[in-house]
Amino acid sequence: STTGTASTDFDSVTGRVALKYKFESGWMGYGSIARGEKPGGLRLIPATLLAGGEELLVNSFDQEKITTYELGIKGFTADQRIGLDFAVFYSDWTDIVLRQLTEFSPTTGAALEQPTGLNVNAGDAEVWGWEALVDMAFTDSLTGRLTVGYTDSTLTNAKQDTFSLFPSFYTS
């Protein structure tokens, strides 16, 4: 049968802790550690089998998790006309959900009539970067803001099986 019910449950505790220190100059240094989670999921996918018949694919996947660390400094120039804020950050992201195409039922191994996309926890990532913000008062009535950021993300332990052996996708 291609109809049915299923359930799953996800619990998480998230939060952030931060410290800031105000220097005598009026500038402030700050740092934080934050932990977050994106709920997992459950999908029921009706599929037609190549040999005939139908099957209900139960696609469950776990929560994605991220821990982020940030350090920064902010303040104003002596004349208070230019405000500066600079921060660096690092994020450790785990159990990333990636879509994988499969030609076989993950439960029975039976060939599917058509490739089907399943969500799976298939990788981790390290993300680091920085952000700079400049607020400038050109006159008492005219102000401007410039924000520039840089991010470097690297997938680690990532597994993308989809069509990995097809000639146009295959890598050694």
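Now for a look at the structure at hand. (Residues numbered from 1 in each chain as written. Predicted model: local features only at pLDDT ≥ 70, side-chain atom pairs only at ≥ 80, totals over all residues. Heavy atoms only, no water.)

## With respect to the nonpolar core
Going by this rule: Take the buried Ala, Val, Leu, Ile, Met, Phe, Trp, Tyr and Cys residues and link them wherever side-chain atoms come within 4.5 Å; each set so joined is a nonpolar core. When accessible area is computed with a 1.4 Å probe and restricted to protein chains, residues below 20% of their type maximum are described as buried, those above 50% as exposed, and intermediate ones as partly exposed. Elements are defined by DSSP. Helices are runs of H or I of four residues or more, strands are runs of E of two residues or more, and each kind is numbered from the N terminus. Only heavy atoms matter for contacts: two residues are in contact if any of them lie within 4.5 Å across the pair.
Within the largest apolar cluster, six residues are counted, these being I45, A47, L49, L57, L112 and L118. Every element with two or more residues in this core is listed here: β3 (41–48) and β8 (111–121). Ignoring anything within four residues of it in the chain, the contact list for L49 reads E54, E55, A110, A111, L112 and E113.

## Quick notes on the pattern of salt bridges
Condition: For salt bridges, the criterion is a side-chain nitrogen of Lys or Arg within 4 Å of an Asp or Glu carboxyl oxygen.
With the rule as written, the count across this model stands at six salt bridges. With a shortest N-O distance of 2.9 Å, K65 and D95 are connected by a salt bridge. Of the two residues, K65 sits in strand β5 (residues 64–76) while D95 sits in the loop between β6 (82–94) and β7 (97–104), which places them 30 residues apart along the sequence. For D135, the salt bridge identified is with R145, shortest N-O distance 2.7 Å. Of the two residues, D135 is situated in strand β9 (residues 124–137) and R145 in strand β10 (residues 143–156); the sequence distance between them amounts to ten residues. We classify D135 as partly exposed; its relative accessible area is 25%.

## Side note on the sheet that holds strand β1 (residues 15–22)
How we decide: Should DSSP find at least two bridges between two strands, the strands are regarded as paired. All axes here are fitted lines through C-alpha atoms, helices being fitted over the stretch that makes contact, and every angle between N-to-C directions spans 0 to 180 degrees.
Pairing is antiparallel across the open sheet formed by six strands, whose spatial order is β1-β2-β5-β6-β9-β10. In this open sheet, the two edge strands, each paired with only one partner strand, are β1 and β10. In this sheet, neighbouring strand axes are inclined to one another by 10° on average, regardless of whether the strands run parallel or antiparallel. Bridge count for β5 against β6 is twelve bridges, and the pairing is antiparallel. Within the sheet, the bridge partner assigned to I73 lies in β6 and is F86.

## Digging into the packing of aromatic side chains
As a reminder of what qualifies: Whether two aromatic rings pair depends on their centres lying within 6.5 Å, for rings of Phe, Tyr and Trp, where Trp uses its six-membered ring; planes under 30 degrees apart make the pair stacked, over 60 edge-to-face, and the rest tilted. Criterion for a charge above a ring: Lys NZ or Arg CZ within 6 Å of the ring centre, and within 35 degrees of the ring normal.
In this structure the tally under the stated criterion is five aromatic pairs. A ring pair is formed by W130 and Y150, whose centres lie 6.5 Å apart and whose planes are at 25°; its orientation type is stacked. With a gap of 20 residues between them, W130 in strand β9 and Y150 in strand β10 connect regions that are remote in the sequence. Each member of the aromatic cluster is reached from another via a ring pair, and the members are F86, W128, W130 and Y150. Looking at K74, its charged tip hangs above the ring of Y30, at a distance of 5.6 Å from the centre.

## Focus on a nonpolar patch on the surface
Quick note on the threshold: Only residues whose relative accessible area exceeds 30% and that take part in no salt bridge are eligible for patches, with like-charged residues grouped when within 9 Å of each other and nonpolar side chains (Val, Leu, Ile, Met, Phe, Trp, Tyr) grouped when within 5 Å. Accessible surface area values rest on a Shrake-Rupley calculation with a 1.4 Å probe, where residue burial reflects the displayed protein chains alone.
On the surface, a nonpolar cluster with roughly 570 Å² of combined accessible area is contributed by V17, I33, Y69, Y90, W128 and Y150. Relative to the assigned elements, W128 resides in strand β9. Residue class for W128 comes out partly exposed when judged on its relative accessible area of 41%.

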